[in-house]
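Breakdown of the fold
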Amino acid sequence: MDNSKESIERLCHQFLPDIVDLLRFLRTYNMKETETCFRRECHSLVNTLNKTSVTNEDQSIPNSINVNDYFVVYSYLSNFIFNSPYQIELMQFLFPLFVHLYLDLLEHNYINECQQFYKQFVHSTFYSLHSEFFNQLKLISQSSKHLRQCTLTKAFRTSRFFLRLSMTSCKELQNFIDYTKNLTKINSQFYLTPSQISLLLSIFQQYIKVDINQQIFTSSNIVRYQTSEQPMTPIFVHTNLANKIQFTRLYTGLFPLQSLPGDSNRSSAQYSQLNRGDLSSSYPQINYNRLPNTNDLNNIPRLGPHQLPSICLFTLKNSKQIINCINLSNDCRLLAVGFQSSEILICSLNPNNKLYSMKSTKELRHLLNKSTRNYNLDTTSFIETSNERVLIGHTSAIFTLAFEPTKQTYLLSGSQDCTIRLWHLTIWSCLIVYKMHFQPILDGKFNLEFSLLFFLLISVAFAPIGHIFASCSVDGLICLWTIDKINPFRIYPEYGYSGPINLVVFHPNSNYLASAHNDHTIHLWNIQNENALVRIFNGHRHQISSLCFSPNGHFLISGCWNGEIILWDIQHNLQIAHLFLHKQAISSIEFSPLTGTLLLISSIDSTISLWNCFMITKIYDEKLTDSMNKNISSHKILLNVFKTKNIPIFHIKFSKENILYAIGLTNE
């Protein structure tokens with residue numbers, strides 16, 4: 001107690017001169033209300049310090065808890081789960097239960113028991129699923145003082161684990177808990193005491209949130225290609241964010257839902273609600289063609305399993321600078337390359353399509369020496385043509401590029417200098433500099449095997465309607481912008497730090513935004529509402545490197561560093577297919593235009609794989625209805641594999657003519 005008083009007095013003497021100077025400043029400028037508020041806060045601070053000194057003395061004596069209850073509860077639940085037919089889903093409960101029982105023992109200064117608990121219950125299969133967290137938990141088991149300073153334990157205590165169960169698994173768990181409550185020492189040899197049951201239920205109610213899928217548990221519905229079934233793993237999100245997750249039905253139509261402020265059918269109450277919460281009225285309205293003309297549709301070749309697309313591969317070589325990122329415009333006429341030296345190179349892929357720009361003033365100075373009365377100026381003398389343009393403006397390495405999808409006259413670039421720049425591709429200059437992120441705008445990074453060359457995927461993405469774009473960074477923030485404003489109109493997430501975010505992709509109707517996080521999860525946000533997290537997709541074991549929505553808006557496909565590919569049903573948050581063919585990171589994913597029946601995936605292992613997406617969904621639907629056709633085999637979902645000699649593929653894009661353009665890098 002004396003030591004705590006001495007520390008309080010030491011703090012008071014340390015900050016007393018500053019407090020006195022601040023009070024004098026407030027008094028000289030007659031800020032009476034601020035002065036009284038400040039004095040009140042100083043008194044409350046001293047009182048809280050005195051209380052903490054007393055509580056710290058009381059907490060030095062460990063609370064009386066039954067340590068054996070922690071061992072019994074965990075072993076009892078783990079035995080039930082490993083003997084259950086629904087083990088794959090129910091294994092999600094073991095990790096949150098282990099974490100919070102482990103932290104409780106640490107908080108009560110049972111260090112030896114805590115280490116014994118760790119050694120007894122961490123087995124190989126369980127450890128492999130959460131190896132990153134187990135390594136950090138083992139380090140803080142030396143003393144309870146480490147517990148207060150560890151950011152991971154704070155994240156566990158202020159978050160809730162998010163679990164997804166089928167209706168069958170949930171009923172199985174509920175029946176087990178009810179059965180356990182009714183057991184007594186007379187009825188069974190293995191039973192739980194009331195204190196042990198309350199310990200188990202308290203962790204379930206305080207730290208676990210369950211999303212129940214209204215379907216029967218079936219372990220063989222997922223369409224697999226060279227993959228095996230793995231246990232599901234839980235994720236943890238901030239408590240406030242977990243309570244606000246909306247599992248409402250998604251609008252997966254192709255056209256944006258735009259709320260026009262000039263609609264006469266709306267009531268005044270709807271207008272007031274719109275002004276308070278919904279910011280969609282502040283979006284700049286834009287006229288867009290909802291459907292292409294019939295003539296254009298007739299000219300586009302129909303792709304399918306019997307009519308595969310043509311592939312045109314461009315290879316970048318002999319580069320004098322380090323290439324960081326690559327992107328193609330929607331019409332596949334322009335190629336943008338970002339360099340480590342902060343420069344951006346714009347190339348025309350068609351030699352006949354020149355890039356036009358105005359000549360410099362030095363080159364046009366000769367016009368001033370001639371009389372312009374009887375002189376007809378030639379407009380071509382003002383214009384300079386070339387196949388390449390260089391954009392200079394950033395002060396550090398370029399890590400992300402994105403073309404505007406509608407008119408394709410704008411280019412976004414993100415850099416290590418924490419800024420985003422909007423470039424005009426007619427005057428070849430920067431229009432706006434966006435500043436919000438406080439850490440570099442980076443993404444999933446592929447370290448290649450040759451000569452300091454690396455590639456980063458896009459972390460800045462335009463919405464299909466064109467005037468809205470999103471950015472993400474390692475600072476854990478997702479910002480939504482309009483091209484005519486220098487400040488974002490949405491920032492995700494509001495609660496807590498979600499860790500570095502790798503990339504963002506818009507839904508085809510521009511109402512939803514998918515973000516890939518560093519914890520191997522995908523979050524789906526409804527950008528029409530503030531902080532509306534509507535889905536969390538969990539299934540990858542490695543960092544996600546690529547995302548893409550299907551043209552009809554019903555599916556989302558994701559690829560990760562180890563080459564694994566997962567196809568998701570975004571409406572029901574279900575995994576449709578697990579595909580594993582590539583041996584290295586997935587760099588880009590594309591669906592065939594309009595129909596989306598074909599799926600093309602590129603990897604840095606120098607291959608492009610072509611999949612029959614229609615057959616994948618057909619097999620999945622037949623598995624659900626138990627009408628599986630025996631003639632359908634899994635090899636029919638893979639149509640072809642295109643290989644290069646030794647050129648890693650880093651970007652692919654479908655043109656309007658249904659030609660697949662691919663960009664590769666080589667080091668010569």
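As shown above, the structure is provided for reference.
Residues numbered from 1 in each chain as written. Predicted model: local features only at pLDDT ≥ 70, side-chain atom pairs only at ≥ 80, totals over all residues. Heavy atoms only, no water.

1. Remarks on the sheet that holds strand E20 (residues 478-482)
Picture the strands of a sheet paired through backbone hydrogen bonds; they go either parallel or antiparallel. Pairing in this open sheet of four strands is antiparallel, and the strands run E18-E19-E20-E21 from one edge to the other. Since the sheet does not close on itself, it has two edges, and those belong to strand E18 (460-462) and strand E21 (490-492), each with one partner. Between one strand axis and the next, the sheet turns through 20° on average, direction left out of account. One ladder, built from three bridges, connects E18 with strand E19 (residues 468-472); its direction is antiparallel. Bridge assignment links Val-460 to a residue of E19, and that residue is Ser-471. (Pairing = 2+ DSSP bridges. Helix = DSSP H or I, 4+ residues; strand = E, 2+ residues; numbered from the N terminus. Axes fitted to C-alpha atoms, helices over the stretch in contact; angles between N-to-C directions.)

2. Topic: the pairing of strand E28 (residues 564-569)
As a general feature of sheets, a regular strand has side chains that alternate between the two faces. Buried residues dominate E28, accounting for six of its six residues. Here E28 shows a buried face lined by Glu-564, Ile-566 and Trp-568 and a second buried face lined by Ile-565, Leu-567 and Asp-569. Of the pairings in the sheet, the one linking strand E27 (residues 555-560) to E28 comprises five bridges and is antiparallel in character. Pairing of Ile-557 across the sheet is with Leu-567, part of E28. Hairpin remark: E27 followed by E28, antiparallel, with three residues in the connecting loop; positive phi at Gly-563, about 95°. (Buried < 20%, exposed > 50% of the residue type's maximum accessible area, 1.4 Å probe, protein only.)

3. Digging into the packing of aromatic side chains
Evaluated as defined, the whole model comprises 24 aromatic pairs. Ring geometry for Phe-537 versus Trp-568: centroids 5.3 Å apart, planes at 55°, classification tilted. You can see Phe-537 sitting in strand E25 (residues 532-538) and its partner Trp-568 sitting in strand E28, a full 31 residues away along the chain. With relative accessibility at 1%, the residue Phe-537 sits in the buried group. Linked through ring pairs, Phe-71, Tyr-74, Phe-98, Tyr-102, Phe-117, Tyr-118 and Phe-121 together constitute an aromatic cluster. (Phe/Tyr/Trp six-rings, centres within 6.5 Å; stacked < 30°, edge-to-face > 60°.)

4. Regarding helix H6 (residues 111-121)
For H6, the full list of buried residues reads Ile-111, Cys-114, Phe-117, Tyr-118 and Phe-121. Along H6, the residues classed as buried sweep out an arc of 120° about the axis, all on the same side. Projecting away from the buried face of H6 at angles above 90 degrees are the exposed residues Asn-112 and Lys-119. (Arc of directions from axis to C-beta.)

5. Things to note about the pattern of salt bridges
Pairs can form between side chains of opposite charge whenever their charged atoms are close. Tallied over the full model, the rule gives four salt bridges. Measuring nitrogen to oxygen at the nearest pair gives 2.7 Å for the salt bridge that ties Asp-104 to Arg-157. On the criterion of sequence distance, the pair formed by Asp-104 in helix H5 (residues 94-107) and Arg-157 in helix H10 (residues 151-157) is long-range, its members being 53 residues apart. A residue is classified by how much of its surface remains accessible, and Asp-104, at 14% relative accessible area, is buried. (Salt bridge = Lys/Arg side-chain N within 4 Å of Asp/Glu carboxyl O.)

6. Some points on the packing of helix H3 (residues 67-82) against helix H11 (residues 167-182)
Taken N-terminus to C-terminus, the directions of H3 and H11 make an angle of 135°; their axes are 12 Å apart at the nearest point. Considered as vectors, H3 and H11 are oriented oblique to each other. With respect to the hand of their crossing, H3 and H11 are arranged in right-handed fashion. Touching Tyr-76, Leu-77 and Phe-80 of H3 are Glu-172, Leu-173, Phe-176 and Thr-180, all from H11. Here the contact of H3 with H11 is composed, by residue class, of five nonpolar, one polar and one charged. (Parallel < 35°, antiparallel > 145°, perpendicular 65-115°, else oblique. Left-handed = near helix turned anticlockwise from the far one by under 90°. Contact = heavy atoms within 4.5 Å. Nonpolar A, V, L, I, M, F, W, Y, C, P; charged D, E, K, R; others polar.)

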